[in-house]
Structures are given as C-alpha cells and as structure tokens.
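One-letter residues, chain by chain:
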Amino acid sequence: TAALRRARRLLVPSAYLRAIALGWGLDPARTAVVPNPAPAVSAHPTREEARALLGVEGFALGVAGRLTAQKAIGDVLDALALVPGVTLLVRGDGPERSALERHAAGVGVVDRVRFLGAGTRDDVIALFRAVDVALVTSSWENLPHTLLEALATGTPVIATEVGGIPEVVRDGENGLLIPPANVDALAASIDRVVRDDELRA
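Residues numbered from 1 in each chain as written. Predicted model: local features only at pLDDT ≥ 70, side-chain atom pairs only at ≥ 80, totals over all residues. Heavy atoms only, no water.

Colleague: Explain helix α7 (residues 145–152) to me, and be specific about the residues and the numbers.
Modeller: Those residues of α7 not exposed but buried are T146, L147, L148, E149 and A150. Residues of α7 that are buried make contact with β3 (60–64), α6 (121–130), β6 (133–136) and β7 (157–160). G154 lies just past α7 and shows a positive phi near 90°. (Buried < 20%, exposed > 50% of the residue type's maximum accessible area, 1.4 Å probe, protein only. Helix = DSSP H or I, 4+ residues; strand = E, 2+ residues; numbered from the N terminus. Contact = heavy atoms within 4.5 Å.)

Encoded structure:
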C-alpha cells in the first residue's frame, strides 16, 4: 500500500474497489472509477447463428469464466436440478472442472449440462448470444468482464449481489440480483425468467 499511496492517480473499475482503496488511506482526490469497457459485438454471430453453431435448443443458461470455487458453479448445478426443462452451457476451464462434472452427475443434471471447455472472447460472445440468460454466481467479484459481455449482447443476467455487480445490473431491468450462496433464490430467479416472457424481453 505504500507504493499505492505514492501513486499520482489510482484508477479502479468499480466504486466497490474504490471504497476498498480509500480504506487503505488513499487520497480520494487521487482515485477514480473507470469501468471496464463493454465489447463491441456487432460483428459477432446473430442469436440464430450462435444457437445453430452451439446446437442450442429450448431454454438455455450460460456461464463463462475460469472454473474455480469463487465462481460457485456448484450452486448453478444445484439450482438447475430444481428447474426442469432448462439446459446449461459452461464455457471455461479450471481446477474445479472435474469436480463440477461429477457434481452434475450427482444431482441428476448431467444430461442438461454441456462443458464446452476454454475458449476465446469471441467464443464467450457467441455463447451469450445463444443462451436466454447469463449467470454470474460468484461468491465475490470486482466487476467481471463476462457480466459486461453478456449485457453487451443483449442477454439478461442473473447475478449475485456482490462487489461491483450491482453498479451495472439493475434488478428487474437488465437482470436479476440474488444473494450469494443461495441456491433457492437462484432457482426461483431462473424459473421466473423461464416463465415470464415480458420480464425476459
């Protein structure tokens, strides 16, 4: 933190992180929030093209990111088990993948989950184009790029109310906010957007 105090200016991507930095004793006048940029998506596949590319049929959820404990994908699998007729596509890889594949089998959703493996940013955009709802279920975050990528594609988000996420997701407007580590709230939100065409639109 001594080096940070000597810095001429500190730029952070969320008010959440700025508050943490100010807690370290930084001068408020030398800190500023510059949000992560949303990607340009006009050159990417249309929804129909992306769904055909990924073989998506019916109502689908999408998750993208490194598969670590922080992302709480196990909660997604548990919630999926409570909402029939919905599939999940997971773009990413990481140390939790094998455990998550076993977990999917254990809760009886292995036939409704597809682990797509690691991919490029273009692959992530294609995923979010193809699905009906993107999920960001992290137990903690700053301001995740996947959140901005999903919203840039026009895909609504169900996200945990942590870190800088509530600075971008307006509950009931461009997504739904839920408490972290709450499988019932996640399942209820998924069920809500499945059933409510007007809300989803």
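Colleague: With reference to specific residues and values, describe the sheet that holds β3.
Modeller: The 6 strands are arranged β5-β4-β3-β6-β7-β8 in an open sheet whose pairing can be described as parallel. Of all the strands in the sheet, the pair left with one neighbour each is β5 (113–117) and β8 (175–178). Each neighbouring strand pair of the sheet contributes to a mean axis angle of 20°, computed without reference to strand direction. Pairing of strand β4 (residues 87–91) with β5 involves 4 bridges; the strand directions are parallel. Within β5, the position partnered with V90 by the bridge is F115. Running over the sheet, helix α8 (residues 183–195) touches β3, β6, β7 and β8 and is turned about 165° from β8. (Pairing = 2+ DSSP bridges. Axes fitted to C-alpha atoms, helices over the stretch in contact; angles between N-to-C directions.)

Colleague: I'd like a description of the nonpolar core, backed by residues and values.
Modeller: Counting 27 residues, the largest nonpolar core has L61, L88, V113, L135, I158 and L186 as the members making the most contacts within it. Looking at this core, the elements that each hand over two or more residues are β3, α4 (73–80), β4, α5 (97–106), β5, β6, β8 and α8. No other element matches the 5 residues that α4 contributes to this core. In this structure L61 touches L80, V86, T87, L88, L89, V131, V133, L135 and I190, once residues within four positions along its chain are discounted. By size, the runner-up hydrophobic cluster in this structure holds 24 residues, among which are A60, L148, A150 and V169. (Core = buried A, V, L, I, M, F, W, Y, C linked by side-chain atoms within 4.5 Å.)

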